[in-house]
Amino acid sequence: MSDNPYQAPRAELKPPDYPEPTLLQKLLSFRGRFSRSHYWLYTVGSCLLIFIVLLALDSILAEFSEPSSTFASLSRDPISLIFGIALIWINLAGLSKRFHDRGKSGLMILVWLIPYIGSLWLLIECGCLQGTSGPNRYGPDPLRNH
């Protein structure tokens, strides 16, 4: 068969190469996907880790302060605020990645603002329902990536 100059060119279709994210990117980035098991490990693990660190810092600061002084409570408040912001950031990033696995925008986190229904929706959508199979516009399938 001769080459037709008007024929459309043929190209091989292959899945795009996604770079492997670092651990810090996995924890803090809003990009990528999480499977259900990764989401639960990520959420529970980050909450427990931050809680343990806060308890340790609280006991250390209480040990070095006088019982009647307000230094301990004043020095604990900024630390608690920093860890609280970190916890919120980490959990929002995890929710965003979980919505990405479901094929939805990370802005679906805003469903949480709906009283009563929002929290239940997030629990069911992110914690119970299966993600999309295969790669989607947010990245490769986290279950097939191992």
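Residues numbered from 1 in each chain as written. Predicted model: local features only at pLDDT ≥ 70, side-chain atom pairs only at ≥ 80, totals over all residues. Heavy atoms only, no water.

A. Focus on the overall build of the chain. For the chain, the count of helices and strands is four helices and zero strands. Starting at the N terminus and ending at the C terminus, the chain contains elements arranged as α-α-α-α. The 146 residues of the chain split such that 26% are buried. Across the chain, the fraction of contacts at a sequence separation of at least 24, relative to all contacts at a separation of at least 6, is 72%. In the form shown here, the chain has an accessible surface area of approximately 10900 Å², with 69% of it arising from carbon and sulfur atoms. (Helix = DSSP H or I, 4+ residues; strand = E, 2+ residues; numbered from the N terminus. Buried < 20%, exposed > 50% of the residue type's maximum accessible area, 1.4 Å probe, protein only. Contact = heavy atoms within 4.5 Å. Areas by Shrake-Rupley, 256 points an atom, 1.4 Å probe, with all protein chains shown as cover.)

B. Geometry of unusual backbone geometry. Of note, Y116 is a non-glycine position whose phi angle comes to about 65°, a positive value. Mapped onto the elements of the fold, Y116 is located in the loop between α3 (71–101) and α4 (117–127).

C. Quick look at α4. The complete set of buried residues in α4 reads G118, L122, E125, C126 and G127. Looking straight down α4, one finds its buried side chains confined to an arc of 160°; they lie on one side. (Arc of directions from axis to C-beta.)

D. The arrangement of the packing of aromatic side chains in detail. In this structure the tally under the stated criterion is three aromatic pairs. Residues F30 and W89 carry aromatic rings whose centres are separated by 5.0 Å and whose planes lie at 85° to one another, so their mutual orientation is edge-to-face. Of the two residues, F30 sits in the loop between α1 (23–28) and α2 (36–64) while W89 sits in helix α3, which places them 59 residues apart along the sequence. Classification of W89 as partly exposed rests on a relative accessible area of 44%. (Phe/Tyr/Trp six-rings, centres within 6.5 Å; stacked < 30°, edge-to-face > 60°.)

E. Region of interest: the nonpolar core. Among the nonpolar cores identified, the biggest contains 11 residues, and these are F34, Y39, Y42, I50, I90, A93, L95, F99, I109, L122 and C126. Mapped onto this core, the elements with two or more residues apiece are α2, α3 and α4. In terms of residue count, the dominant contributor to this core is α3 (four residues). (Core = buried A, V, L, I, M, F, W, Y, C linked by side-chain atoms within 4.5 Å.)

F. Molecular detail of the layout of surface pockets. In this model, the second largest pocket occupies a volume close to 210 Å³. When residues of the lining of the second largest pocket are traced back to their parent elements, those giving at least two are α2, α3 and α4. Among the elements that take part in the lining of the second largest pocket, α4 stands out by supplying four residues, more than any other. Each residue belonging to the lining of the second largest pocket can be placed in one class, and the counts come to eight nonpolar, two polar and no charged. (1 Å grid on protein atoms, 1.4 Å probe; cavity = no way out; pocket = protein on both sides within 12 Å on 5 of 7 lines; lining within 4 Å. Points joined across faces, edges and corners; volume = space filled by probe spheres on them. Nonpolar A, V, L, I, M, F, W, Y, C, P; charged D, E, K, R; others polar.)

G. Looking closely at the pattern of salt bridges. As enumerated under the stated definition, the model contains four salt bridges in all. Note that D101 and R33 form a salt bridge whose closest N and O atoms lie 2.7 Å from each other. On the criterion of sequence distance, the pair formed by D101 in helix α3 and R33 in the loop between α1 and α2 is long-range, its members being 68 residues apart. Its relative accessible area of 9% is what places R33 among the buried residues. Members of the salt-bridge network, linked through shared partners, are R33, R98 and D101. (Salt bridge = Lys/Arg side-chain N within 4 Å of Asp/Glu carboxyl O.)

H. Structural context of the side chain of S96. The residue S96 is located in helix α3 in this model. Sequence-distant contacts of S96, defined by excluding residues within four places in its chain, comprise F30, G106 and I109.

I. Here's a closer look at the environment of K97. As for its position among the elements, K97 is in helix α3. For K97, a relative accessible area of 2% gives the class buried. In this structure, the C-alpha to C-alpha distance between K97 and G139, residues 42 residues apart in sequence, is 9.9 Å. Those residues in contact with K97 that lie beyond four places of it in its chain are Q25, K26, L27, S29, F30, R31, G32, R33, F34 and Y42.

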